[in-house]
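Here's the letter readout for the chains.
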Amino acid sequence: MFTGLIEHLGTVVEIVHDAGGCTLIIADSAPILDDCHIGDSIAVNGACLTVTEFDKEAKGGWFKVWLANETLDRTDLGERKVGDQVNLERAMGAHVRFGGHFVQAHVDTTATVVDKKPDGDSLRILFELPEPTPERPSLLPYLIPKGYVAIDGTSLTITSVDDAKRTFGVMLIKHTQEKITLPKKPVGSKVNIEVDMVGKFVEKSVQAALGGGGGPLRALVEKVVEDVLVKKGVIH
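Bear in mind that the values here come from a model prediction, so they are computed numbers and not experimental data. (Residues numbered from 1 in each chain as written. Predicted model: local features only at pLDDT ≥ 70, side-chain atom pairs only at ≥ 80, totals over all residues. Heavy atoms only, no water.)

Asks: What am I meant to see in the pairing of strand β11 (residues 167–172) here?
Replies: Within a regular strand, side chains alternate between the sheet's two faces. Burial of β11 is extensive: five of the six residues sit out of reach of the surface. Where strand β8 (residues 122–128) lies against β11, six bridges are found, and the strand directions are antiparallel. Within β11, the residue paired with Phe127 across the bridge is Phe168. As paired elements, strand β10 (residues 154–162) and β11 share four bridges and run antiparallel to each other. What sits directly across from Val161, in β11, is Phe168. With antiparallel pairing between neighbouring strands as the criterion, β10 and β11 make up a hairpin whose turn holds four residues, including Arg166 at a positive phi of roughly 60°. (Buried < 20%, exposed > 50% of the residue type's maximum accessible area, 1.4 Å probe, protein only. Helix = DSSP H or I, 4+ residues; strand = E, 2+ residues; numbered from the N terminus. Pairing = 2+ DSSP bridges.)

Encoded structure:
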């Protein structure tokens, strides 16, 4: 589990592809390796990855992670190049304050940056989601103004949603712009998107209750519908 508050920016220094996936070595990462162990989880641009090797001192502190083809397909990590910076966050500790939102670092899809506009010291960015498919339904039902979304692992507040255009926007204050990679991404770039998992759980629970043939929630919904129909004179 993560919070979406980026701790540090690392630098990709080595990429090795093969038929099974990809290995990344990320350097300049010493600040997040002081308590690192083999097998620990680190979110890299919002994708939860397992540390397979690390060195706290060489190359400013480096660690190695393995990306399966599923991860490469779901995220933008396969497009990273040597020299690129990436957002890094360690798994949340039980003793820390919770400043973002519940982030699993299980990326749902990528979106495309379609517009960037300064707003005083802040920066407004607009994203477009891909066309939905049977395998990957639309994520728009989980995106609401003032709701949460994780973009490249960063917990951000949604400022606008346009279902017809499949777009949504966020605004980055100056402090946030200095701490993450998103402001450096040009229009046309891809970003990793993880919608708020609470919305997913609510949707599944409601569907199960309404489709399960009974239960208190179904009875409540039926009573509300009946009351509305009575008030409108549709039934007596």
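Asks: For this particular structure, what's the right way to read the pairing of strand β6 (residues 85–90)?
Replies: Where strand β1 (residues 8–18) meets β6, four bridges bridge the pair, whose relative direction is antiparallel. Bridging from a neighbouring strand, His8 pairs with Leu88 of β6. Pairing geometry for strand β3 (residues 41–44) and β6, over three bridges, is antiparallel. In the sheet register, Ala43 faces β6, and the bridge partner there is Glu89.

Asks: I keep staring at unusual backbone geometry and nothing clicks. Help me out?
Replies: The general pattern is negative phi for most residues beyond glycine and trans for most peptide bonds. Positive phi, normally seen in glycine, also occurs at Asn45, with a value near 50°. Judged by its relative accessible area of 1%, Asn45 falls in the buried class. Even without being a glycine, Lys146 presents a positive backbone phi close to 75°. Here Lys146 shows up in the loop between β8 and β9 (148–151).

Asks: Would you mind going over the sheet that holds strand β7 (residues 109–119) with me for this structure?
Replies: Strand pairing in a sheet takes place through backbone hydrogen bonds and is either antiparallel or parallel in direction. Taken in spatial order, the six strands line up as β7-β8-β11-β10-β9-β12 and close into a barrel, and their pairing is antiparallel. Across the sheet, the mean angle separating the axes of adjacent strands is 45° when strand polarity is ignored. As defined by bridge partners, β9 adjoins strand β12 (residues 190–195) across three bridges and the pair is classed as antiparallel. Residue pairing for β12: Ala150 is matched across the bridge by Glu194. (Axes fitted to C-alpha atoms, helices over the stretch in contact; angles between N-to-C directions.)

Asks: Is there a simple way to think about a nonpolar patch on the surface in this case?
Replies: A grouping of Met1, Phe102, Val198, Val202, Val206, Leu210, Val221, Val225, Leu229, Val230, Val234 and Ile235 is seen on the molecular surface, where their side chains present a nonpolar patch of about 890 Å² in accessible area. Elements represented by at least two residues in the nonpolar patch include exactly α3 (197–211) and α4 (216–231). On the secondary structure map, Val221 appears in helix α4. (Patch = residues over 30% accessible without salt bridge, like charges linked within 9 Å, V, L, I, M, F, W, Y side chains within 5 Å. Areas by Shrake-Rupley, 256 points an atom, 1.4 Å probe, with all protein chains shown as cover. Salt bridge = Lys/Arg side-chain N within 4 Å of Asp/Glu carboxyl O.)

Asks: In this structure, what is going on with the pattern of salt bridges? I would like to understand it.
Replies: Think of it this way: side chains of opposite charge can pair up when their charged atoms draw near. Per the stated rule, a full pass over the model turns up 16 salt bridges. The partner of Arg136 in a salt bridge is Asp73, with the nearest N and O atoms 2.5 Å apart. One end of the pair, Arg136, is in the loop between β8 and β9; the other, Asp73, is in helix α1 (residues 69–74), with 63 residues separating them in the sequence. Two residues, Asp76 and Lys185, come together in a salt bridge whose shortest N-O distance is 2.8 Å. A residue pair is termed long-range when its members are at least 10 positions apart, and Asp76 in the loop between α1 and β6 and Lys185 in the loop between α2 (174–179) and β12 qualify at 109 residues.

Asks: So what exactly am I meant to see when it comes to the side chain of Asp108 here?
Replies: Within the secondary structure, Asp108 is located in the loop between β6 and β7. Not counting residues within four places of it along the chain, the set of residues in contact with Asp108 comprises Arg74, Leu139, Ile193, Glu194, Val195 and Lys200. (Contact = heavy atoms within 4.5 Å.)

Asks: It is not clear to me how the sheet that holds β6 should be interpreted in this structure. Could you clarify?
Replies: Pairing in this closed barrel of six strands is antiparallel, and the strands run β1-β2-β5-β4-β3-β6 around the ring. The sheet shows a mean angle of 45° between the axes of neighbouring strands, direction not considered. Pairing of strand β4 (residues 47–55) with strand β5 (residues 62–68) involves four bridges; the strand directions are antiparallel. Within β5, the position partnered with Asp55 by the bridge is Trp62.

Asks: Help me understand the nonpolar core, please; the structure alone is not making it clear to me.
Replies: Within the largest apolar cluster, 23 residues are counted, with the highest numbers of intra-cluster contacts made by Phe127, Ile151, Phe168, Leu182 and Ile193. Breaking this core down by element, the ones donating at least two residues are β7, β8, β9, β10, β11 and β12. With residues up to four places along the chain from it excluded, the contact list for Ile193 reads Val107, Asp108, Thr109, Thr110, Ala111, Leu139, Val149, Ala150, Ile151 and Phe168. In terms of nonpolar packing, the next biggest core, distinct from the first, is built from 20 residues, Leu49, Val65, Leu67 and Leu72 among them. (Core = buried A, V, L, I, M, F, W, Y, C linked by side-chain atoms within 4.5 Å.)

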